[in-house]
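# Architecture and fold: a report
The chain contents come next:
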Amino acid sequence: MYRSHDAFMSWTEARMRAARDSKFRAKLSALLAEKRAAVAAFIEYFYRRVGIPPPAPPAALAVGFMSLFEGVQLAMLSSPADMTPDRAESVLTVFIDSIMRLARLQAAGRTHS
């Protein structure tokens with residue numbers, strides 16, 4: 001997702017238009033709701049598999065994940081020397097791996113309590 005520059009630019013332009021045009025905002029919001037629901041479903045699945053409740057509502061976590069990915073993409077486009085594709089992948093991996101490790105530690109703590 002974060003490596004597709006053309007798609008990202010289109011999404012960014014759409015978000016900017018949505019900020020100025022309430023009718024367009026409603027249409028974009030519907031599209032983003034579908035995307036967010038898919039990410040939230042994956043988050044719910046992960047926490048269910050780990051056996052603990054998510055630390056926040058899955059829909060809110062989905063917004064956070066999507067924002068993180070979009071921020072990394074923006075950094076890649078606006079500062080390519082600072083945020084190379086390899087560095088972007090490393091940064092995103094650190095965040096996601098950290099969340100997964102924390103969830104597994106919390107789940108292990110619950111079984112030993």
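Below or above, wherever it landed, is the structure these notes cover. Bear in mind the structure is a predicted one, so any value in this text is a computation, not a measurement.

### Looking at the nonpolar core
- Counting 16 residues, the largest nonpolar core has Tyr-47, Val-50, Ile-52, Val-72 and Ala-103 as its most contacted members.
- Those elements that provide at least two residues to this core are helix 2 (22-50), helix 3 (58-78) and helix 4 (85-112).
- Beyond its immediate sequence surroundings of up to four residues, Val-50 is in contact with Ala-103, Arg-104 and Ala-107.

### Here we look at helix 2
- A rise of 1.5 Å per residue sets the reference length of helix 2, with its 29 residues, at 42 Å; its end C-alpha atoms lie 40 Å apart and thus fit the reference within 8%.
- Taken residue by residue, helix 2 has Leu-28, Leu-32, Ala-40, Ile-43, Phe-46, Tyr-47 and Val-50 as its buried positions.
- Measuring from the backbone nitrogen of Lys-23 back to the side-chain oxygen at the start of helix 2 gives 3.0 Å, which picks out Asp-21 as the cap.
- Downstream of helix 2 by one or two residues, Gly-51 has phi in the positive range, about 95°.

### Concerning the pattern of salt bridges
- Scanning the model with the defined rule gives two salt bridges in all.
- Among the salt bridges present, the one from Glu-70 reaches Arg-15, with a minimum N-O distance of 3.0 Å. Of this pair, Glu-70 sits in helix 3 while Arg-15 sits in helix 1 (residues 5-20), and the two are 55 residues apart along the sequence.
- Using a relative accessible area of 33% as the deciding quantity, one classes Arg-15 as partly exposed.
- For Arg-17, the salt bridge identified is with Asp-21, shortest N-O distance 3.6 Å.
- Here Arg-17 falls in the partly exposed class, since its relative accessible area comes to 44%.

Calculation criteria
Residues numbered from 1 in each chain as written. Predicted model: local features only at pLDDT ≥ 70, side-chain atom pairs only at ≥ 80, totals over all residues. Heavy atoms only, no water. Core = buried A, V, L, I, M, F, W, Y, C linked by side-chain atoms within 4.5 Å. Buried < 20%, exposed > 50% of the residue type's maximum accessible area, 1.4 Å probe, protein only. Helix = DSSP H or I, 4+ residues; strand = E, 2+ residues; numbered from the N terminus. Contact = heavy atoms within 4.5 Å. Expected span 1.5 Å × (residues − 1). Polar contact = N/O pair within 3.5 Å; in protein donor to acceptor, adjacent residues only side chain to side chain. Salt bridge = Lys/Arg side-chain N within 4 Å of Asp/Glu carboxyl O.

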